[in-house]
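Below, each chain spelled out in residue letters.
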Amino acid sequence: MEKTFENGYFNGGRVFGYDLINKKLVVDEEEAKVVKYIFDCYSNKMWGYRKIASNLNMQGIKTKKDNHWSITAVKTILNNKIYIGYVKWKGNYKEGNHYPIISEELWERTQKLLSLRSYTQEKLHNGSFPLSGLLKCPTCGGAMVQGNANKKYKYYVCGRFKNSGSKACNSNLVKKEYAEQEVLSQVMNYLNNLNLSVPLQTVVIDNLKSELEPIEDELKSLEKSLRELKREKQELLQLYTKKIVDIDTLSDEMKRVQNQESEQKEFKILLTKQIELKNNNDLLPVINHITNDFNSFYNLLDDYDKKELLRFLIKEIQVNSGEKPKDRTIKKIVYEFDQELFEEISGEVV
C-alpha cells in the first residue's frame, strides 16, 4: 500500500466523483458535476453546509452509498484534496495519477473560506441541550438535537432535518424548556417509585469498602516511612555529636528530612480523613436526599455530568406528533433498567 501511494495511486475505498477501475481512479462525469456544484455553491454563492445538503436532497441526488446528503458529507467533499489530483496515505498527500475535478484556484479559495468561517461563525444557540440524542423524532424515529434558536426561543429539532433538510424529514420542533422540565419530573417520580435508597446505600458502602484496602496499605507504608525519617534524624544527631559531620551539614540534612517529614504528615492526615469518610456507614440520609430531591441534585451538576447521568438512566424519549411545537409532548420515557431488572439487582446486593 505504501508503494501504491509512492507511485501516486489510490489505495482503495469509495470516493464520490470517481470510480475505481483496475485499481485506478476514473472520473464519474455525473458525480463530478455534483462535486463542482458543491465547491461552486460554497465558494462563489457563499452557501453553508446545510443549505448545500438540503438543495442536493431536494434535487433527489444521493451520496455514493445512496444516502441523503448531510452537513458531514458536504464538509468531507470540501476538505478532500483528491479533487485536485492528490492521493492520501497515513496523513500524507502526494500528487496522484488521476484527473482532478476542480482547479487549484477554486480549491485555495474554498480553503481560505473554510478557515475564515471556522473562526468567525458565531453560535446562535447558547446553553446546554442535555436531551440531545435521547429525544426521538416522532416522524422518522431518529435522534433530536439542538436546534437553531435565539435567546427567547429554544427548541430541539430532528437531527436528519438539521443535517439534510426537509427532504430527509420534518423539523418537528420540541420546546426545550418544556421537554427538560417534563423529563426531570417523570425521572424523579420513577426513581421514587423504585425506592432506591436502601439498595443504593448497600452498593455505595460495598464500593467504599473495596477502596479502603489500598488506602490502608498506603497509610501503613507512610507510617513506616515516618519512623525511618525519625530514626534518620537521630542518626544525624549522633554523627554530629561524634563530630563526624559539621554543623552546616547537620543543618542541611535536618532541613531535608524535616521537609520530607512535614509532607508525609500532611499526606497521612489526608489518608486518615479518607478512611474515616469511607468507614462512615451512615449514608442513608444523603442518599435519601438525592433520590427524593433529584431535581436539586441534578441542578448541582455541570452540563457534561447532566448529559452523562441522563444517558445512564434513559434509553430513549419518545415524542407525540403534532402540527405545532406545543402539541409535541413527551409520550414515553424508555429507561435503561425497568422495575423487574431493578428488583433482580436489588435482591443480589441486599
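Please refer to the structure placed before this passage.
Okay, so let's go over this structure. (Residues numbered from 1 in each chain as written. Predicted model: local features only at pLDDT ≥ 70, side-chain atom pairs only at ≥ 80, totals over all residues. Heavy atoms only, no water.)

Considerations on the overall build of the chain
Move 1: From N to C terminus, the chain includes 13 helices and ten strands.
Move 2: Counting the 350 residues in the chain, one finds 35% classified as buried.
Move 3: Contacts in the chain between residues far apart in sequence, at least 24 positions, make up 58% of those at least 6 positions apart.
Move 4: For the chain, the computed accessible surface area is about 21,800 Å², with 49% contributed by carbon and sulfur atoms. (Helix = DSSP H or I, 4+ residues; strand = E, 2+ residues; numbered from the N terminus. Buried < 20%, exposed > 50% of the residue type's maximum accessible area, 1.4 Å probe, protein only. Contact = heavy atoms within 4.5 Å. Areas by Shrake-Rupley, 256 points an atom, 1.4 Å probe, with all protein chains shown as cover.)

Considering the sheet that holds strand E10 (residues 330–335)
Move 1: Read across the sheet, three strands follow the order E5-E9-E10 without closing on themselves; strand pairing throughout is mixed. Every interior strand has two partners, whereas the edge strands, strand E5 (135–136) and E10, have only one.
Move 2: Note: E5 against strand E9 (residues 314–319), two bridges, orientation parallel. Note that in E9 the partner of Lys 136 across the bridge is Gln 318.
Move 3: Most of the contacts of helix H7 (residues 176–194) go to E10, to which it runs at about 45°, and overall it touches E5, E9 and E10.
Move 4: Against the sheet, helix H12 (residues 303–313) engages E9 and E10, with an angle of about 90° to E9. (Pairing = 2+ DSSP bridges. Axes fitted to C-alpha atoms, helices over the stretch in contact; angles between N-to-C directions.)

Digging into the nonpolar core
Move 1: One finds Leu 135, Val 187, Ile 314 and Ile 317 to be the most contacted residues of the largest nonpolar core, which totals 29 residues.
Move 2: Secondary structure elements with two or more residues in this core: strand E7 (155–158), H7, helix H11 (294–300), H12, E9 and E10.
Move 3: Considering each element in turn, this core owes the most residues, seven residues, to H7.
Move 4: Not counting residues within four places of it along the chain, the set of residues in contact with Ile 317 comprises Leu 131, Leu 134, Leu 135, Lys 136, Val 183, Ile 330, Lys 332 and Ile 333. (Core = buried A, V, L, I, M, F, W, Y, C linked by side-chain atoms within 4.5 Å.)

Structural notes on the pairing of strand E2 (residues 24–27)
Two faces belong to every sheet, and in a regular strand the side chains alternate between them.
Move 1: Here strand E1 (residues 18–21) pairs with E2 via four bridges, running antiparallel. The residue of E2 that forms the bridge with Tyr 18 is Val 27.
Move 2: A loop of two residues connects E1 with E2, the two strands running antiparallel in sequence, and Asn 22 in this loop sits at a positive phi of about 50°.

Observations regarding a negative patch on the surface
Move 1: Residues Glu 213, Glu 216, Asp 217 and Glu 218 make up a contiguous surface patch of negative charge.
Move 2: Along the chain, the position of Glu 213 falls in helix H8 (residues 197–241).
Move 3: Under the relative-accessibility criterion, Glu 213 is labelled exposed at 54%. (Patch = residues over 30% accessible without salt bridge, like charges linked within 9 Å, V, L, I, M, F, W, Y side chains within 5 Å. Salt bridge = Lys/Arg side-chain N within 4 Å of Asp/Glu carboxyl O. Lys, Arg positive; Asp, Glu negative; His and termini not counted. Charge placed at Lys NZ, Arg CZ, Asp CG, Glu CD.)

Overview of the packing of helix H2 (residues 29–43) against helix H4 (residues 71–78)
Move 1: Two elements in contact, H2 and H4, have axes whose closest approach is 10 Å; the angle formed by their N-to-C orientations is 95°. As judged from the angle between their axes, H2 and H4 are roughly perpendicular. Contacts between H2 and H4 involve Val 35, Ile 38, Phe 39 and Tyr 42 from the former and Val 74, Ile 77 and Leu 78 from the latter.
Move 2: When its residues are assigned to classes, the contact of H2 with H4 shows seven nonpolar, no polar and no charged. (Parallel < 35°, antiparallel > 145°, perpendicular 65-115°, else oblique. Nonpolar A, V, L, I, M, F, W, Y, C, P; charged D, E, K, R; others polar.)

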